[in-house]
Amino acid sequence: MMTDIDPIALAVFIFFLALVTVMGFVAARWRRPKTLAHIDEWGLGGRTFGTWITWFLVGGDFYTAYTVIAVPALVYTVGAYGFFALPYTIVVYPFVFMVMPLLWRRAKDHGYVTAGDIVHGQYGSRALELAVALTGVIATMPYIALQLVGMTAVFKALGLHGELPLAVAFIILALYTYSAGLRAPALIAFVKDIMIYIVVIAAIALIPAKLGGYANVFAAADADFKAKGAGSLLLGGNQYVAYATLALGSALAAFMYPHTLTGIFASNSGNTIRKNAVLLPAYTLLLGLLALLGYMGHAANLKLDSANDVVPALFQTLFSSWFAGFAFAAIAIGALVPAAVMSIGAANLFTRNFWKAYIDPQVSDAGEAKVAKMTSLVVKVGALLVIIFLPTQFALDLQLLGGIWILQTLPALVFGLYTKWFRAPALLAGWFVGFFGGTYLVWDAGWKPLHMVPLGETGFTVYTGLLALLANIVVAVIVNAVVPARAAARA
């Protein structure tokens, strides 16, 4: 892959990054409230975002730079199995349509900012609140780090090496997020999403024409998979159950993350959320087109150091310098938007469910906002240090675990919307079994999120997160039925 600096591509890249940097600072004056010294305003944009702002914001932090890099990379490596992201991002929206308006209403009516607030309000348990909040923070940290992986692939394609470009980009991100809060990524998301749409549509229209058409693209990919004896254009063997359970488990986990919940809580009504559940599948179409770039990488005969380089290499090889710079800027901005929302979501959790709960229960509104701002800086620095000093595989492994971990908060967060039967000790016991049991199964499988379930002489492979969630729910039901209500209340 070429690594010489292309002045034209770099100039276009810098221009668009400078544009969104200016927008980030201007965002502090966009829809300006009386004060940003309130966590509702800084961390949730005043809960005033309508349909289109929510659509761009949620799309911006759900479909990230790492998605743009990793999904085609996975398809390039394993073929059809990498398309699990498509059913996952289809199944998730009926769940959003049914559940998230109820969650939003609970948060709005009681002034809740985080999942931990909702759990504490429902069950009155500090222990369960802490478990949910802690899970949210540690599941988010590697997710932010992976946005840096996406940016690193872009910087590498531009010929920029070392940690300095990454550090500069994240320092700028940290400053305008500190200044404007959620309004900054919400405003920048407009530019990011429009740029990504232009890039993907241009790619799927023009790249196949340069490579002899889609028939040749699929033929080249099929030939490469057969030559290396791994991957295929179609699912096979025991991949069907693994594919389906991975899609379902990922869908159930997606809107348990602090950053996606932040986008939900920032909406101005439950109806806005329902409209977005109808509109957001447009991104799934985009994702499906994006995944095809993995197959195009085979037809282009790219020489790659890593599968993560496939998308940057395609644009660098097959497009003019100015459009390559535009595409790289779109991917980089696609890292900044979700990283900002993720750091805000994690900061909100720390502020409300640790600082206010245990350190300073009488903290003022301005004090809450200040703690959240400082925490958002610490979270970004932590993610940057992970990428600089630890192997990339470490962040990848943690992110896989993060999906399994965050899925274990679903019973505590969602069940209380529909029934008062469950009690805090039962849900805490279920969380404990699901969290640590799921972690053990992933470790036992060599840090892979799939587990073989024996069935007679054969068996089938299942997403570990769903197995852990099933154990979580079973334990919660048993403990809730066995432990008397009075004992539970004393606990």
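As a convention, each chain's residues are numbered from 1 in the sequence order in which they are written. Predicted model: local features are reported for residues with pLDDT of at least 70 only, side-chain atom pairs are reported and counted for 80 or more only, and whole-chain, interface and lining totals are derived from all residues. In computing side-chain properties, one takes all heavy atoms of the structure into account and sets aside hydrogens as well as water.

Enquirer: I would appreciate a short explanation of the pattern of salt bridges in the present structure.
Expert: Here the idea is simple: oppositely charged side chains can pair when their charged atoms come close. Salt bridges are identified by distance alone: a Lys or Arg side-chain nitrogen within 4 Å of an Asp or Glu carboxyl oxygen. A full pass over the atoms with the stated rule returns 10 salt bridges. A salt bridge links Glu41 to Arg183, with the shortest nitrogen-to-oxygen separation between them at 2.9 Å. Here Glu41 is found in helix α2 (residues 39-44), whereas its partner Arg183 is found in helix α9 (residues 183-210), with 142 residues between them in sequence. A relative accessible area of 2% means that Arg183 is categorised as buried. Arg352 is the salt-bridge partner of Asp117, the closest N and O atoms lying 3.6 Å from each other. Residue Asp117 is located in helix α6 (residues 115-123), and its partner Arg352 is located in helix α17 (residues 321-359); the two are separated by 235 residues in the primary sequence. For the residue pair Asp117 and Arg352, the accessibility class agrees, reading buried in each case. When salt bridges that share partners are traced, they join Asp117, Arg352, Lys356 and Glu368 into one network. Numbered from the N terminus, helices here are DSSP runs of H or I no shorter than four residues, and strands are runs of E no shorter than two. Exposure classes here rest on a 1.4 Å probe applied to the protein chains alone. A residue is buried below 20% of its type maximum, exposed above 50%, and partly exposed in between.

Enquirer: What should I look at first to understand the environment of Asp109 in this one?
Expert: Relative to the elements of secondary structure, Asp109 occurs in helix α5 (residues 85-110). Note on Asp109: relative accessible area 49%, which makes it partly exposed. As a C-alpha pair, Asp109 and Asp61 span 48 residues in sequence and 25 Å in three-dimensional space. For this analysis, a polar contact is any N or O atom pair within 3.5 Å, provided that within protein one partner can donate a hydrogen and the other can accept it, and provided that sequence-adjacent residues contribute only side-chain to side-chain pairs. Within the local environment of Asp109, its side chain forms a polar contact with the side chain of Arg105, the two groups lying 2.9 Å apart.

Enquirer: I tried to follow the packing of helix α1 (residues 7-26) against helix α8 (residues 164-180) on my own but got confused; where do I start?
Expert: Between two packed helices, the angle of one axis relative to the other and the distance separating the axes together describe the packing. Axis angles are defined between N-to-C directions and span 0 to 180 degrees, where every axis is a line fitted to C-alpha atoms and, for a helix, only to the segment in contact. Closest axis-to-axis distance for the α1/α8 pair is 8 Å, and the angle between their directions is 25°. Taken together, α1 and α8 sit at an angle that is classed as roughly parallel. Counted together, Val20, Thr21, Gly24 and Phe25 of α1 and Ile172, Leu175, Tyr176 and Ala180 of α8 form the full contact between these two elements. Residues belonging to the contact of α1 with α8 are distributed by class as follows: six nonpolar, two polar and no charged. Note on terminology: angles under 35 degrees are roughly parallel, angles over 145 are roughly antiparallel, angles of 65 to 115 are roughly perpendicular, and the others are oblique. A contact between two residues is defined here by any heavy atoms of the two lying within 4.5 Å. Each residue gets one label: Ala, Val, Leu, Ile, Met, Phe, Trp, Tyr, Cys and Pro are nonpolar, Asp, Glu, Lys and Arg are charged, and the others, such as Gly, are polar.

Enquirer: Would you explain the packing of α8 against helix α18 (residues 365-389) in this entry?
Expert: The geometry of α8 relative to α18 is characterised by a closest axis approach of 10 Å and an angle of 165° between their N-to-C directions. It follows from the interaxial angle that α8 and α18 lie roughly antiparallel. Regarding α8 and α18, the two cross each other, and that crossing is right-handed. The segment α8 lies against α18, with Leu166, Ala167, Phe170, Leu173, Ala174, Thr177 and Tyr178 engaging Lys373, Met374, Leu377, Lys380, Leu384 and Ile387. Grouping the constituent residues of the contact of α8 with α18 by class yields 10 nonpolar, one polar and two charged. Handedness of a helix crossing follows the sense of rotation of the near helix relative to the far helix, less than a right angle counterclockwise being left-handed and clockwise being right-handed.

Enquirer: Please explain a nonpolar patch on the surface as it appears in this structure.
Expert: Each patch is built from salt-bridge-free residues with over 30% relative accessible area, joining like charges within 9 Å and nonpolar side chains (Val, Leu, Ile, Met, Phe, Trp, Tyr) within 5 Å. For the area figures, the Shrake-Rupley method with a 1.4 Å probe applies, and any residue is considered shielded solely by the protein chains shown. Together, Trp52, Phe97, Met98, Leu102, Val278, Leu279 and Tyr418 make up a nonpolar patch on the protein surface, roughly 730 Å² of accessible area in all. Elements with a minimum of two residues in the nonpolar patch: α5 and α13 (270-279). The biggest single contributor to the nonpolar patch is α5, with three residues. Counting through the fold element by element, Phe97 comes out in helix α5.

Enquirer: Help me understand the pairing of strand β2 (residues 458-463) in this model?
Expert: A regular strand places its side chains so that they alternate between the two faces of the sheet. A pair of strands is treated as paired once DSSP finds two or more bridges between them. Across six bridges, the pairing between strand β1 (residues 450-455) and β2 is antiparallel. Each residue of the ladder has a partner; that of Leu455, found in β2, is Thr458. Where β1 folds back on β2, the antiparallel hairpin that results is connected by two residues, among which Gly456 adopts a positive phi of roughly 65°.

Enquirer: Honestly, helix α21 (residues 424-444) in this entry has me stumped. Any pointers?
Expert: It helps to recall that an α-helix has 3.6 residues per turn; residues three or four apart then point in one direction. When the terminal C-alpha atoms of α21 are compared, their 30 Å separation across 21 residues agrees well with the 30 Å that a helix rising 1.5 Å per residue should span. Those residues of α21 that sit buried are Ala424, Ala426, Leu427, Gly430, Trp431, Gly434, Phe435, Gly438, Thr439, Leu441 and Val442. Here the expected length of a helix is defined as 1.5 Å per residue gap, with one fewer gap than residues.

Enquirer: Before we go on, may I ask you to explain the packing of aromatic side chains in this structure?
Expert: Given two aromatic rings, their pairing is described by the distance between the two centres and the angle made by the two planes. Pairing of aromatic side chains here covers Phe, Tyr and the six-membered ring of Trp, requires ring centres within 6.5 Å, and sorts the geometry by plane angle: under 30 degrees stacked, over 60 edge-to-face, intermediate tilted. Tallying each qualifying case throughout the model produces 32 aromatic pairs. By the ring-pair criterion, three or more aromatic residues cluster together here, those being Phe15, Phe16, Phe315, Phe319, Trp322, Phe323 and Phe326. Lysine NZ or arginine CZ positioned within 6 Å of the ring centre and within 35 degrees of the ring normal marks a charge as sitting over the ring. Just above the ring of Tyr178 sits the side chain of Lys373; from NZ or CZ to the centre is 5.4 Å.

Enquirer: Honestly, the confidence of the model for the protein in this entry has me stumped. Any pointers?
Expert: Residues shown with low pLDDT carry predicted positions that ought not to be read at fine detail. Mean pLDDT for the protein: 87, with 96% of residues reaching 70 or above. Between the elements of the protein, mean pLDDT differs from a low of 55, seen in helix α23 (residues 485-490), to a high of 95, seen in helix α20 (residues 410-414). The quantity called pLDDT is the predictor's confidence in a given residue, expressed from 0 to 100.

Enquirer: What is the right way to read the environment of Val462 from this model?
Expert: Note that Val462 resides in strand β2. Since its relative accessible area comes to 7%, Val462 is described here as buried. Separated by 218 residues in sequence, Val462 and Ala244 have C-alpha atoms that sit 8.5 Å apart. Among all residues touching Val462, those that are not within four sequence positions of it are Val241, Thr245, Pro449, Leu450, His451, Val453 and Leu467.

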